[in-house]
Amino acid sequence: MSSELRTRAIVGAILIFVALGALFSGGFLFWLLLVVAGVLMQGEWGDLTGATPENRKLAMFAISVPLAILCPLAAGVSWLAFGLTAAAFFFVALVGRSVKLALGVPYIVVPVMALLYLRAQMPPNPSGLLLTLWALALVWATDIGAYFAGRSIGGPKLAPRISPSKTWSGLGGGVLAALLVGFLLYRFAGLPVQLAAASGLLAVAAQLGDLLESWMKRRAGVKDSGTLLPGHGGVMDRLDGVVAAAPLAAICYMMLVLPR
């Protein structure tokens, strides 16, 4: 194993351990992990949009307000949090004079809200732990399935001008892997079958989230969104699929599972 691959594997294992620990703990620790990731992602978003160092810091401070109110010891996921998200967006857009920089606020806060909303659900709806694990695990499965299917099958490129390495076979492999995870959770953990079936749709969303970040990096002329995570790049590089899949997972839960 090369030194680079060994570093990537070690850092990846640490990230998974931390993420699962916070996920199983729930509550304050899960919120804290998401807040730290969110503020760091806003900084990386600022770099990708070409913001000045001052405006980058401004956006990081602004996004901390809606993220803070999402704390389970405060208002949590609420209309107040949505209002503060909108306020932070307009504040960054007006004071920082950049709509592109301000778009990072909803890009980050909305998926954080979605994950906190899912984690807060109580049995037997089902439990928030299962719902959040489903939303995250299917993204991980999508990445793994897309990687191996793309390398072993190859074929036509999915979006060659944005991400030359992605193929249609990789997309198909990612969808199948996500569906496999969804139905395994249905069979052995009690995930509602409607959500298991929706896993394929969320896999497509995760791939689109990946493509969006690839487009931003291409426009910025960089390989990674940051250098914080050795062998993995930045926080956005690790969570681009989650950003797109988490809100859709929450919508699917509300529309397909919650009683009307």
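Please read all numbers here as calculations on a predicted model, not as lab measurements.

S.K.: Can you help me understand the nonpolar core in this one?
M.R.: Within the largest apolar cluster, 71 residues are counted, with the highest numbers of intra-cluster contacts made by Leu70, Leu118, Trp134 and Leu191. Looking at which element gives the most residues to this core, the answer is helix α6 (residues 104-119), with eleven residues. Once residues lying within four places of it in the same chain are set aside, the contact partners of Trp134 are Gly182, Leu185, Leu191, Leu195, Ser199, Leu202 and Ala249.

S.K.: Sorry, what's going on with the pattern of salt bridges here?
M.R.: It is possible for side chains of opposite charge to pair when their charged atoms get near one another. Within the structure shown, the criterion is met by four salt bridges. Between Asp47 and Arg56 there is a salt bridge; the shortest N-O distance is 3.2 Å. The class for Asp47 is partly exposed, based on a relative accessible area of 44%. For Arg56, a relative accessible area of 25% corresponds to the partly exposed category. In this structure, the salt-bridge partner of Asp224 is Lys223, at a minimum N-O distance of 3.9 Å. Owing to a relative accessible area of 69%, Lys223 belongs among the exposed residues under this scheme.

S.K.: Got a minute to help me understand the packing of helix α7 (residues 128-153) against helix α10 (residues 235-256) in this structure?
M.R.: Each packed pair of helices is defined by two parameters, the angle between the axes and the distance between the axes. Contact pair α7 / α10: the axes reach a minimum separation of 9 Å and the direction vectors enclose 140 degrees. Considering their axes alone, α7 and α10 lie oblique with respect to each other. Here α7 runs over α10; the crossing is right-handed. Taking contact as the criterion, the partners of Leu131, Trp134, Ala135, Leu136 and Val139 in α7 are, on α10, Gly241, Val242, Ala245, Ala249 and Tyr253. Taken together, the residues of the contact of α7 with α10 break down into nine nonpolar, one polar and no charged.

S.K.: Is there a simple way to explain the side chain of Ser163 in this structure?
M.R.: Looking at where Ser163 falls in the secondary structure, it is placed in strand β2 (residues 163-167). Ignoring any residue separated from it by four or fewer positions in sequence, one finds Ser163 in contact with Leu211 and Ser214.

S.K.: Whenever I open this one, the pairing of β2 confuses me. Can you help?
M.R.: A regular strand places its side chains so that they alternate between the two faces of the sheet. Sheet analysis places strand β1 (residues 157-159) next to β2, joined by two bridges and oriented antiparallel. Looking at the pairing, Ala159 lines up with Ser163 of β2. Between β1 and β2, which follow one another and run antiparallel, lie three residues.

S.K.: Would you take a moment to explain α7 for this structure?
M.R.: One full turn of an α-helix is made of 3.6 residues, so residues set three or four places apart face in the same direction. For α7, which comprises 26 residues, the first-to-last C-alpha distance of 37 Å matches the rise-based estimate of 38 Å (1.5 Å per residue) to within 8%. Phi turns positive, to about 70 degrees, at Gly154, one or two residues after α7.

S.K.: What is the right way to look at unusual backbone geometry in this model?
M.R.: Where the residue is not glycine, phi is negative for most of them; where a peptide bond is considered, it is trans in most cases. The step from Pro123 to Pro124 runs through a cis peptide bond, and the omega angle for that step is 5 degrees. By the element assignment, Pro124 lies in the loop between α6 and α7. The phi dihedral of Arg97 is positive, around 55 degrees, even though this residue is not glycine. By relative accessible area, Arg97 is classed as exposed at 77%.

S.K.: When you look at the packing of helix α2 (residues 27-48) against α6 in this model, what are you seeing that I'm missing?
M.R.: Across the interface, α2 lies against α6 with an axial gap of 9 Å and an inter-helix angle of 165 degrees. By the criterion of interaxial angle, the relationship of α2 to α6 is roughly antiparallel. Here α2 and α6 pass one another in a crossing that is right-handed. Contacts between α2 and α6 involve Phe30, Trp31, Leu34, Gly38, Met41, Gln42 and Trp45 on the former and, on the latter, Gly104, Val105, Tyr107, Ile108, Val112, Leu115, Leu116 and Arg119. Per-class residue counts for the contact of α2 with α6 are eleven nonpolar, three polar and one charged.

Calculation rules
Residues numbered from 1 in each chain as written. Predicted model: local features only at pLDDT ≥ 70, side-chain atom pairs only at ≥ 80, totals over all residues. Heavy atoms only, no water. Core = buried A, V, L, I, M, F, W, Y, C linked by side-chain atoms within 4.5 Å. Buried < 20%, exposed > 50% of the residue type's maximum accessible area, 1.4 Å probe, protein only. Helix = DSSP H or I, 4+ residues; strand = E, 2+ residues; numbered from the N terminus. Contact = heavy atoms within 4.5 Å. Salt bridge = Lys/Arg side-chain N within 4 Å of Asp/Glu carboxyl O. Axes fitted to C-alpha atoms, helices over the stretch in contact; angles between N-to-C directions. Parallel < 35°, antiparallel > 145°, perpendicular 65-115°, else oblique. Left-handed = near helix turned anticlockwise from the far one by under 90°. Nonpolar A, V, L, I, M, F, W, Y, C, P; charged D, E, K, R; others polar. Pairing = 2+ DSSP bridges. Expected span 1.5 Å × (residues − 1).

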